[in-house]
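Inside the fold
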Amino acid sequence: MKLALERGFYFPSCEIYADAHAGFWEYGPTGNNLKNKFIELWRRELLRRDDMIEIDGSQIMSKSVFVASGHLDNFTDPIIKCKKCGATFRADRFITEKTGKEIPELLSGNEIDKIINEYKLRCTRCSGSFHESERFNMMFKVEIGPSKEEAYLRPETCQTIFVGFPRIFKTMRGRLPLAVAQLGKSFRNEIAPRQSLFRLREFYQAEIEVFCNPNRLNELPKFDQVKDTPLLLSIKNSSHSVNAEDAIRKGYLPNKLVAYYISLLSLFYSKTGINMERTRFRQLSDEEKAFYASTAFDFEVETSIGWIELVACNYRSDYDLKRHGEISKQNLHVIDPSDNTKVLPHLFELSMGIDRSIYSILDHSYYEDTEAERVVLKLVPQLAPVLVGVFPLVTKDGLREKAQNIYSELKLDYSAFYDESGSIGRRYRRLEEIGAPFALTVDNQTMKDDTVTIRYRDTMLQERVKVSEISVFLDANK
Ligand code: ATP
């Protein structure tokens, strides 16, 4: 947290004001670079690799969308309010914290009140007793125009993909499976935002919705490209380390389509620097998963705040298109050109949280090198906010000008950073703390033979490289 705040990764929104609300954070310059590079990798390893298409939809959506999706009725968390001081708590978490009892999210109000009475639970702030529990809808309501029509900030980005499906399918000349991706903000009025980027009220999602023909889920020749992908699956509390092909054969994953996209996701995360040995695809129990989801796995990562969910992988069946078809009174069936049948496509989704991914990458990259008394962010070069720092050893004898010239050349093609203030040792430390893998120093020898030193962040070893070959070096290592 300290590093994130001091090195410009992220900080609380509106922090100069006393009425700043919890659950809103800003990405500073370093964090924003890291986020953008993460998104670029997501586009490269998932979207481009699989020929997916990407859209960018509205964040405010009309009420009917959420009548159809069920969010208006069901996107609620149980809360309890203190009669004396008015403090509000999320009921299921409160009970678990106080009693150690695991409470399903969908437990009825009566049952929650029964447990509160049985354990004689009281407000932690003032020891007051509680009103009867209520359900709190987590959507942010907005009013449109002077007539103040009711609308909502989307609580998940995928709804724009679902309602845009008929036009997207038509303009993309209709094929199935069709993978549509979207990156954007979602909004949830969380009762207890916490742990900076972990539980936010405004956050980034990168969702991929695969529209598919439910009768052809095993007809996927491209599955062969990923059949050997190692997967760590956690099913009913036991772990299975298998490849994608065996996962289907042993019945852990239901079909090639699901296994293919889970494999792509796993291959993507293995390139982010997250330690894959501290990850798992955990199958959700029947109580945890949405009623319409026949297969539901969460991709989870173990961090210093425990295991956290980064991506929900759900087979959503035809629930979404069926509901939007019913409420909008539009026919959302399409013809699958591969077998000429009329079908209401089913959906398999990879619903990824960008902020939690960034949090986990920072968590897994943070390294305290006690021997060298330094903090290093061991980010993979592809995600490093700065790829290379350029320093003159001293600012005299033409070294400053030489370094500035090199920096001007590099900054157009690489994320480069110029620094001449403070001792060279301190400049290296600053660079290591933002995860820059290389530091390039212009010294007296540079003026003689046109070479610079390149210093490696992790090993602190240095080598000399010709100025004319810096780009070749960076291209080979980025
Ligand atoms: P949780 O159980 O942690 O509340 P969820 O199951 O409600 O999460 P989904 O609706 O499946 O989450 O959303 C998909 C992804 O979006 C999550 O895996 C997570 O990475 C991200 N996400 C969801 N809610 C938040 C939030 N409040 N802050 C940050 N990221 C979030």
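Residues numbered from 1 in each chain as written. Predicted model: local features only at pLDDT ≥ 70, side-chain atom pairs only at ≥ 80, totals over all residues. Heavy atoms only, no water.

**A few points about the overall build of the protein**
A count of helices and strands for the protein gives 15 helices and 26 strands. Across its three principal axes, the protein shows a C-alpha extent of roughly 80 × 65 × 55 Å. Counting the 478 residues in the protein, one finds 51% classified as buried. Put simply, of all contacts in the protein between residues at least 6 apart along the chain, 65% involve residues at least 24 apart. Taken as a whole, the protein presents about 23,400 Å² of accessible surface, with 47% of it coming from carbon and sulfur. Computed over 67 positive and 69 negative side-chain charges, the inter-centroid distance for the protein is 2 Å. (Helix = DSSP H or I, 4+ residues; strand = E, 2+ residues; numbered from the N terminus. Buried < 20%, exposed > 50% of the residue type's maximum accessible area, 1.4 Å probe, protein only. Contact = heavy atoms within 4.5 Å. Areas by Shrake-Rupley, 256 points an atom, 1.4 Å probe, with all protein chains shown as cover. Lys, Arg positive; Asp, Glu negative; His and termini not counted. Charge placed at Lys NZ, Arg CZ, Asp CG, Glu CD.)

**Focus: the layout of surface pockets**
As a volume, the second largest pocket reaches approximately 370 Å³. What lines the second largest pocket is a set of 15 residues, among which Met1, Lys2, Leu3, Ala4 and Tyr366 lie closest to the centre. The set of elements that each furnish at least two residues to the lining of the second largest pocket consists of helix H1 (2-6), helix H11 (354-365) and strand S21 (374-377). Here the residues of the lining of the second largest pocket are counted per class, giving 10 nonpolar, 1 polar and 4 charged. (1 Å grid on protein atoms, 1.4 Å probe; cavity = no way out; pocket = protein on both sides within 12 Å on 5 of 7 lines; lining within 4 Å. Points joined across faces, edges and corners; volume = space filled by probe spheres on them. Nonpolar A, V, L, I, M, F, W, Y, C, P; charged D, E, K, R; others polar.)

**Some words on the sheet that holds strand S8 (residues 141-144)**
Judged by pairing direction, the sheet is antiparallel, and its 3 strands sit side by side in the order S4-S9-S8 without closing on themselves. Every interior strand has two partners, whereas the edge strands, strand S4 (60-62) and S8, have only one. Each adjacent strand pair in this sheet contributes to an overall mean axis angle of 45°, direction not counted. Pairing between S4 and strand S9 (residues 149-153): 3 bridges, direction antiparallel. Residue pairing across strands places Ser62 opposite Ala151, the latter belonging to S9. (Pairing = 2+ DSSP bridges. Axes fitted to C-alpha atoms, helices over the stretch in contact; angles between N-to-C directions.)

**Focus on the site of the ligand**
Near the ligand lie 15 residues; those nearest to it are Arg188, Glu190, Arg199, Leu200 and Glu309. Take Phe198: an N or O atom from its main chain is 3.3 Å from a nitrogen atom of the ligand. Between Gln205 and the ligand, the recorded distance is 3.2 Å, taken from a side-chain N or O atom to an oxygen atom. Burial of the ligand by the protein amounts to 82% of the accessible area it has alone, namely 590 Å². Only strand S11 (202-212), strand S16 (306-317) and strand S19 (346-353) provide two or more residues apiece to the shell around the ligand. Broken down by element, the residue count for the shell around the ligand peaks at 4 residues, all from S16. Its residues assigned to classes, the shell around the ligand shows 7 nonpolar, 3 polar and 5 charged. (Near = heavy atom within 4 Å. Polar contact = N/O pair within 3.5 Å; in protein donor to acceptor, adjacent residues only side chain to side chain.)

**Description of the pattern of salt bridges**
By the definition in use, this model includes 36 salt bridges. Across the salt bridge formed by Arg280 and Glu300, the nearest N and O atoms sit 2.8 Å from each other. Here Arg280, found in strand S14 (residues 279-283), pairs with Glu300, found in strand S15 (residues 295-303); they are 20 residues apart in sequence, far enough to count as distant. Accessibility expressed as a relative area gives 7% for Glu300, which makes it buried. Sharing partners across several salt bridges, the network here consists of Asp369, Arg374, Arg429, Glu432 and Arg455. (Salt bridge = Lys/Arg side-chain N within 4 Å of Asp/Glu carboxyl O.)

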